[in-house]
Amino acid sequence: MKIGVIGSGSFGTALGSLLADKGYDVTLWCRNDSQIESINRDHINNKHLPNFTLPEKLTASKDLKIVVAGKDMIVSSPPSHALSGILREIKEYLPEKVPIVSASKGIENGTLRLVSEIFESELPGKYHAYLSYLSGPSFAKEIIQKVPTIVSIASKNEATARKVQEIFSFLYFRTYWTPDVIGVEVGGSLKNVIALAAGVSDGLGFGQNTRAALITRGLNEITKIGIKLGADPMTFLGPSGMGDLILTCCGEQSRNRTVGFRLGQGETLEQILSSMNEVAEGVKTTQSAYELSQKLGIEMAITNEVYKMLYEGKNPKEVVKDLMKRDLKREGVSV
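Residues numbered from 1 in each chain as written. Predicted model: local features only at pLDDT ≥ 70, side-chain atom pairs only at ≥ 80, totals over all residues. Heavy atoms only, no water.

### With respect to the overall build of the protein chain
The line we're drawing: Numbered from the N terminus, helices here are DSSP runs of H or I no shorter than four residues, and strands are runs of E no shorter than two. As defined in this context, the radius of gyration uses C-alpha atoms, and a globule is described by 2.2 Å times the residue total to the power 0.38. Whether a residue is buried, partly exposed or exposed follows from its accessible area with a 1.4 Å probe, protein chains only, as a fraction of its type maximum: under 20%, in between, or over 50%, in that order.
The helix and strand inventory of the protein chain stands at 15 helices and eight strands. Against the globule reference of 20 Å for 335 residues, the protein chain gives a C-alpha radius of gyration of 19 Å, in line with a compact fold. Across its three principal axes, the protein chain shows a C-alpha extent of roughly 55 × 40 × 35 Å. Relative to its 335 residues, the protein chain shows a buried fraction of 56%.

Here it is, written out as structure tokens:
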């Protein structure tokens, strides 16, 4: 089997490494010449994962046609804001009747499209039955280190979901399939917004109580908007919901938690983003999530406060204070 992976960040590289470890021939799309040379010559992604050796069956190319054409499966893992442009570019090379697996997470600014909606909008209908979406609690470095991991594979087509599930499942990587594409997409996108808030809390020196509160109420917000969009609420108790939320809010490898932590420590957003060589999806997703909540008429207190902090310059200390003094409410999810 020959597999093309679009996106040479840490997560795309990790998924490519997993598939190559299983014995598949994997070609990774990179924009950077130095990175390509490092992967092909030294089996190291020198930009994103310099301390890890990659399988020999994983190679890199700058040519999207080479990466996509004639492959038996396509894995797509670019930042969500770059996805629509890439899909338009590869349409003429994209093979038919092969699984297309998205590992991008986010909600597109302006259009407010979920990643699944971007795929269905940009690709002709003949590809739609072969689309699937991978999400769940999975740090890239730990996948490469072969740490036991579980994820969800979502697809509207059961045959596609089961095929992708089989291809990805391995000794240290277990997959669960679900038909709930919307739930998996919403959980994977909005957990990054809550992780920003959890990072701020940690950066300000608050304790485990505060973080647990943010995770709990954050799950409530994710579930509310998911239900409104047509998701199964039980999805948010699975790997792509609660699982991914806990990991992203608590794990030190989480880029979004790190951005929040540094904001809580007093750095500016501009300083933080300029020092990072990977995308923290939650920053752009916060704007989309805020606008989507306004459009749908859903109260999302944490998302609203994170938006004010990122885009209106609100002091992180004031964010926490205003969250704590909100009107008292009955527990539960109401849309």
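### Considerations on the pattern of salt bridges
Keep this limit in mind: We count a salt bridge whenever a side-chain nitrogen from Lys or Arg sits within 4 Å of a carboxyl oxygen from Asp or Glu.
Using the criterion set out here, one finds 21 salt bridges in the structure. Between K62 and D33 there is a salt bridge whose closest N-O contact spans 3.3 Å. Taken as a pair, K62 in the loop between β3 (58-61) and α3 (64-68) and D33 in helix α2 (residues 33-42) lie far apart in primary sequence, 29 residues in all. When the shortest N-O distance is used, the salt bridge between E96 and K126 registers 2.9 Å. Taken as a pair, E96 in the loop between α4 (83-90) and β5 (100-102) and K126 in the loop between α5 (115-122) and β6 (131-135) lie far apart in primary sequence, 30 residues in all. Accessibility expressed as a relative area gives 44% for E96, which makes it partly exposed. Accessibility expressed as a relative area gives 47% for K126, which makes it partly exposed. One salt-bridge network, held together by shared partners, links R88, E108, R113 and E122.

### Regarding the side chain of D180
For clarity, the threshold we go by: Residues counted as positive are Lys and Arg, residues counted as negative are Asp and Glu, and His and the chain ends are not counted. Polar contacts, as used here, are pairs of N or O atoms within 3.5 Å; protein pairs need one atom able to donate a hydrogen and one able to accept it. Residues neighboring in sequence count only if both atoms are side-chain atoms. In what follows, residue pairs with any heavy atoms lying within 4.5 Å of each other are defined as contacts.
Looking at the secondary structure, you find D180 in the loop between β8 (173-178) and α8 (181-203). Despite its burial, D180 pairs with no opposite charge, the nearest such side chain being K156 at 9.4 Å. A polar contact of 3.0 Å, which involves the side chain of D180, links it to the backbone nitrogen of G183. Leave out the neighbours within four places in its chain, and D180 touches A154, A231, D232 and T235.

### Observations regarding the sheet that holds β3
Rules: A pair of strands is treated as paired once DSSP finds two or more bridges between them. Fitting a line to C-alpha atoms yields each axis, with helices limited to the stretch in contact; the angle taken between N-to-C directions then spans 0 to 180 degrees.
Taken in spatial order, the eight strands make up an open sheet running β3-β2-β1-β4-β5-β6-β7-β8, and their pairing is mixed. Looking at strand neighbours, the two that pair on one side only are β3 and β8, the edges of this open sheet. Adjacent strand axes in the sheet meet at a mean angle of 25° when their direction is disregarded. Here strand β1 (residues 2-6) runs beside strand β4 (residues 73-76); their pairing, made up of four bridges, is parallel. The partner of I6 across the bridge, within β4, is S76. Sheet strands touched by α5: β4, β5 and β6. Its angle to β6, the strand with the most contacts, is close to 160°.

### Considerations on helix α11 (residues 255-264)
Helical geometry note: an α-helix holds 3.6 residues per turn, so side chains three or four residues apart project in the same direction. The buried count for α11 comes to seven of 10 residues, which makes it a mostly enclosed element. The complete set of buried residues in α11 reads N256, R257, V259, G260, R262, L263 and G264. Looking one or two residues beyond α11, the residue adopting positive phi is G266, at roughly 110°.

### Notes on the pairing of strand β2 (residues 25-29)
What counts here: Seen with the strands pointing away from the viewer, any crossover whose path from the first strand over the helix to the second strand runs clockwise is right-handed.
Of all five residues in β2, four are buried, a share of seventy percent or more. By the bridge criterion, five bridges tie β1 to β2 in an arrangement that is parallel. For I3, the partnering residue across the bridge sits in β2 and is V26. In this view, the connection linking β1 to its parallel neighbour β2 by way of helix α1 (residues 10-21) has right-handed handedness. Of the strand pairs in this sheet, β2 and β3 are connected by four bridges, and their pairing is parallel. Across the sheet, T27 pairs through a bridge with T59, a residue of β3.

### Comments concerning the packing of α8 against helix α9 (residues 208-229)
Counted only if it meets this: Put simply, angles under 35 degrees are roughly parallel, angles over 145 are roughly antiparallel, angles from 65 to 115 are roughly perpendicular, and the rest are oblique. What makes a crossing left-handed is the near helix being turned counterclockwise from the far one by less than a right angle; a clockwise turn instead makes it right-handed. Asp, Glu, Lys and Arg are counted as charged, while Ala, Val, Leu, Ile, Met, Phe, Trp, Tyr, Cys and Pro are counted as nonpolar; the rest, among them Gly, fall into the polar class.
The interhelical angle for the contact between α8 and α9, taken along N-to-C directions, is 155°, at an axis separation of 9 Å. By the angle between their directions, the pair α8 and α9 is classed as roughly antiparallel. Like other packed secondary-structure pairs, α8 and α9 cross with a definite hand, here right-handed. Listed contacts from α9 to I182, V186, G187, L190, K191, I194, A197, A198, S201 and D202 of α8 are T210, R211, L214, G218, E221, I222, I225, G226 and L229. Grouping the amino acids of the contact of α8 with α9 by side-chain chemistry returns 10 nonpolar, five polar and four charged.

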